[in-house]
Each structure stands twice: as C-alpha cells, then as structure tokens.
Amino acid sequence: MLLDGMQGIFVYFLYFCAMMFVDKDTICAVSTPAGVGGVAIVRISGPDAIRIADSVLSMSKPLAAKKANTVSFGKLLCKSKVTSQKSVRGECRDKNYFGYAKPKPDFMSEANKVESPNHQITESPTEILDEVLVSLFRAPHSFTGEDVVEIAVHGSVYVQREAIKLLLSAGCRMADHGEFTKRAFMNGKMDLSQAEAV
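Residues numbered from 1 in each chain as written. Predicted model: local features only at pLDDT ≥ 70, side-chain atom pairs only at ≥ 80, totals over all residues. Heavy atoms only, no water.

**Student:** Describe unusual backbone geometry, with residues and values.
**Tutor:** A cis amide bond links Ala-139 to the next residue, Pro-140, at an omega of 0°. Within the element layout of this structure, Pro-140 appears in the loop between strand E7 (128-137) and strand E8 (148-154). A positive phi angle, close to 60°, is found at Asn-69, a residue other than glycine. Summarising the element assignment, Asn-69 is placed in the loop between strand E3 (57-58) and strand E4 (70-77). (Helix = DSSP H or I, 4+ residues; strand = E, 2+ residues; numbered from the N terminus.)

What follows is the structure, given as structure tokens:
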C-alpha cells in the first residue's frame, strides 16, 4: 500500500535513512535460552556468515557449495581454519564438551591420533569441539533477509561459550539484544507490529 502526500514521503524518507545505518557486518549469538535444553542454536547472520561458518566447521563439502534450506551434519572445530592458533585460548584443547579434563592420550580416539616423524602418537592440531547440525538459509529467504547459518550444538554452557568465542575469533561480532529482529525489520521481512510482538 502506498501512502499519500507528505505523510508517505516522510515515512519513506525515514525508511531510507534507517537503511543507511543498517550494520553490514556479520553477527552471532546463542538463540536459545542458556542451560535449559539438550540442544542450543548458535545463529550467524550477515554477508560473511557462510564463509565464517565454513572456517570453523569440518563437513563433507563446504557450505558455500550446498543448497539453501538444507540441514547438514558437521563437526565444530576447536580453532578456526583461518585464524592463528593464538586467537582461541587453549581451554578448548584441554577439556571435552562437558567441561571436564580430557582423558590421557592412550584413551584418545583413533581419529584424533597422528604419527609424528619420531613415531610418537600425538593429538592432531585441529580437534573437534562438538558434533553439530548446520542449517543454511540464503538471502533473501531467511529470517533476517541476509545469509543465515544456524549451528545446533549440544546444550552444555561450555560448548555454547566456546562456539561463540570461536566465531568471534573468525570475524563475527556479538549481536546486540534484538538485533536479528531489527535486521529482519530493516530488510522488510516483517512489519513493525510483527517486530514488536517478537
């Protein structure tokens, strides 16, 4: 519906001004209540969401090559493939996803063992933090109207915290309160009354 007269011009002017201030960076946050359920959803939204998710996940094929509106199995790595090892603190390497100390090396799984040149068995440099399900939504057919990746991790507070730290080190910014809804409104995915009802 088009508005008439000065009121319509004013409303469209305000919308145009607001669009100029929409953040174009990639944001992340836990979208489920912390510590309540067995599964937590970590949401990434923005222009680099797919690239950042690919950098922290190990999957059969990269997200960039997958179709929209699909769910895939993957492994969340302890460190990003694109950042230095120093950018993620060493806690992840010393604890499992329940937050307890990892067992001695002789109890490690075969998948995480590699043979070094001096024939000693050591842990591989890239360890798995958690096994996850990854949902991919491409712009403009997503909640925010941007590329969105939702990573379903186990509900442990430790895993949620480490997943967020990993995404922040890979280039995301922590989302402000209500920022996903704000982006949905600014991208025309919902009107003001719908945004207020969220």
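**Student:** Kindly report on the confidence of the model for the chain, identifying the contributing residues and their values.
**Tutor:** Here the chain averages 78 in pLDDT, while 65% of its residues score no lower than 70. This model gives residues 83-91 a pLDDT under 50, and the stretch forms 14 contacts once residues within four places in sequence are excluded. Counted against residues more than four places away or in other chains, residues 95-123, with its pLDDT under 50, gives 37 contacts. (pLDDT = per-residue confidence, 0-100. Contact = heavy atoms within 4.5 Å.)

**Student:** Quick rundown of the pattern of salt bridges? Include the residues and the values.
**Tutor:** For the structure shown, the criterion picks out 9 salt bridges. The salt bridge partner of Arg-173 is Asp-25, with a shortest N-O separation of 2.5 Å. Pair noted here: Arg-173 is in strand E9 (residues 173-174) and Asp-25 is in the loop between helix H1 (5-20) and strand E1 (27-30), with a separation of 148 residues, a long-range link. With a relative accessible area of 29%, Asp-25 lands in the partly exposed category. Of the charged contacts, one joins Arg-173 and Asp-176 as a salt bridge, the two residues approaching to 4.0 Å between their closest N and O atoms. Overall, the relative accessible area of 24% leaves Arg-173 in the partly exposed class. Salt bridges sharing partners connect three or more residues here, namely Asp-25, Glu-146, Arg-173, Asp-176, Glu-179 and Arg-183. (Salt bridge = Lys/Arg side-chain N within 4 Å of Asp/Glu carboxyl O. Buried < 20%, exposed > 50% of the residue type's maximum accessible area, 1.4 Å probe, protein only.)

**Student:** Could you give an account of the nonpolar core, naming the residues involved and the relevant values?
**Tutor:** It is characteristic of soluble globular proteins that their nonpolar side chains tend to be buried jointly. With 29 residues, the main nonpolar core has Ile-44, Leu-57, Leu-63, Leu-76 and Val-149 as its most contacted residues. Elements with a contribution of two residues or more to this core: strand E2 (39-45), helix H2 (49-56), E7, E8 and helix H4 (157-170). Here this core gets 7 residues from one element, more than from any other, and that element is H4. Sequence-distant contacts of Val-149, defined by excluding residues within four places in its chain, comprise Val-42, Arg-43, Ile-44, Ala-49, Ile-50, Ala-53, Leu-63, Val-134, Ser-135 and Leu-136. (Core = buried A, V, L, I, M, F, W, Y, C linked by side-chain atoms within 4.5 Å.)

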